[in-house]
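The chain contents come next:
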Amino acid sequence: MNVSEAIKVRRSIRKYKDVPVEPEKINAVLEAARLSPSARNRQEWMFYAVTDGKVKKAMCEGGASPFVAEAPVVLAVCAIGDRLMNCGHDVSSVDGSIAMSFAVLEATELGLGTCMIGSHDQKAVAKALGLSEEWKVPLLVTMGYPDETPEARPRKESAEVCKIL
Ligand SMILES: Cc1cc2nc3c(=O)[nH]c(=O)nc-3n(C[C@H](O)[C@H](O)[C@H](O)COP(=O)(O)O)c2cc1C
């Protein structure tokens with residue numbers, strides 16, 4: 001599968017087979033996140049892949065939907081620092097989102113399903129991971145072998161949202 005195909009076949013998956021994800025696949029997904037670009041190449045982040053049931057449950061306290069704790073793997077991107085880019089946006093959420101996009105495309109290539117999660121309580125997640133409260137957690141990603149095959153969700157027409165000037 002090439003990147004273009006992965007972009008097209010990826011769907012958010014919220015039901016997973018009760019099958020563990022092989023460690024080499026987890027490592028490949030973390031590696032994709034590690035290799036992703038970051039503002040000024042600062043890489044002020046940590047990537048976690050959580051398979052421990054108790055830790056996953058604690059990560060869901062105060063927010064994330066119940067299916068998150070049921071996923072075989074929960075990825076978390078954690079970032080430190082309050083830096084803003086010149087454009088006014090914070091580095092941690094932009095860098096973290098890009099890294100998780102790379103991770104999700106790698107997972108798709110490996111036959112894994114994923115769902116990005118922004119409904120979590122980042123303080124609860126930091127605590128569950130043993131990090132201090134200064135760490136931000138802009139995004140979680142659930143991951144595992146899909147147990148559903150959803151249709152592609154609708155997108156706005158390209159004429160509405162894409163312009164070449
Ligand atoms: C930043 C972000 C946060 C999201 N948070 C959640 C979430 O908390 N819970 C959830 O079930 N899906 C979440 N999603 C998944 C979106 O609902 C999904 O990507 C969207 O409906 C499009 O569907 P698709 O991914 O299958 O194309 C999130 C997606 C993104 C990009």
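Scroll up a little and you will see the structure.
Residues numbered from 1 in each chain as written. Predicted model: local features only at pLDDT ≥ 70, side-chain atom pairs only at ≥ 80, totals over all residues. Heavy atoms only, no water.

Participant: Give a description of the side chain of S36 that names residues and reports values.
Facilitator: The topology assignment puts S36 in the loop between α2 (23-34) and β1 (45-50). On the accessibility criterion, S36 (4% relative accessible area) is buried. A distance of 2.7 Å separates the side chain of S36 from the backbone oxygen of A33, its partner in a polar contact. If we ignore the near neighbours within four places in the chain, the residues touching S36 are W45, I98, A99 and F102. (Helix = DSSP H or I, 4+ residues; strand = E, 2+ residues; numbered from the N terminus. Buried < 20%, exposed > 50% of the residue type's maximum accessible area, 1.4 Å probe, protein only. Polar contact = N/O pair within 3.5 Å; in protein donor to acceptor, adjacent residues only side chain to side chain. Contact = heavy atoms within 4.5 Å.)

Participant: Before we move on, could you go through the pairing of strand β4 (residues 136-144) and cite the residues and values that matter?
Facilitator: Burial within β4 is extensive, with 7 of its 9 residues counted as buried. In this sheet, β4 lies alongside strand β2 (residues 73-79) in antiparallel orientation, the contact comprising 6 bridges. Across the sheet, L75 pairs through a bridge with V141, a residue of β4. Both strand β3 (residues 113-117) and β4 contribute to a ladder of 5 bridges, which runs antiparallel. Its bridge partner being in β4, I117 is matched across the sheet by L140. (Pairing = 2+ DSSP bridges.)

Participant: Quick rundown of the side chain of T142? Include the residues and the values.
Facilitator: Tracing the backbone through its elements, the reader meets T142 in strand β4. Residue class for T142 comes out buried when judged on its relative accessible area of 0%. Polar contacts involving the side chain of T142 include one to the side chain of Y16, which spans 2.7 Å. Apart from residues lying up to four places away in sequence, T142 is in contact with I13, Y16, F67, V68, A71, V73, G113, T114, C115 and I117.

Honestly, that's just the spatial picture; any functional story needs more than this.
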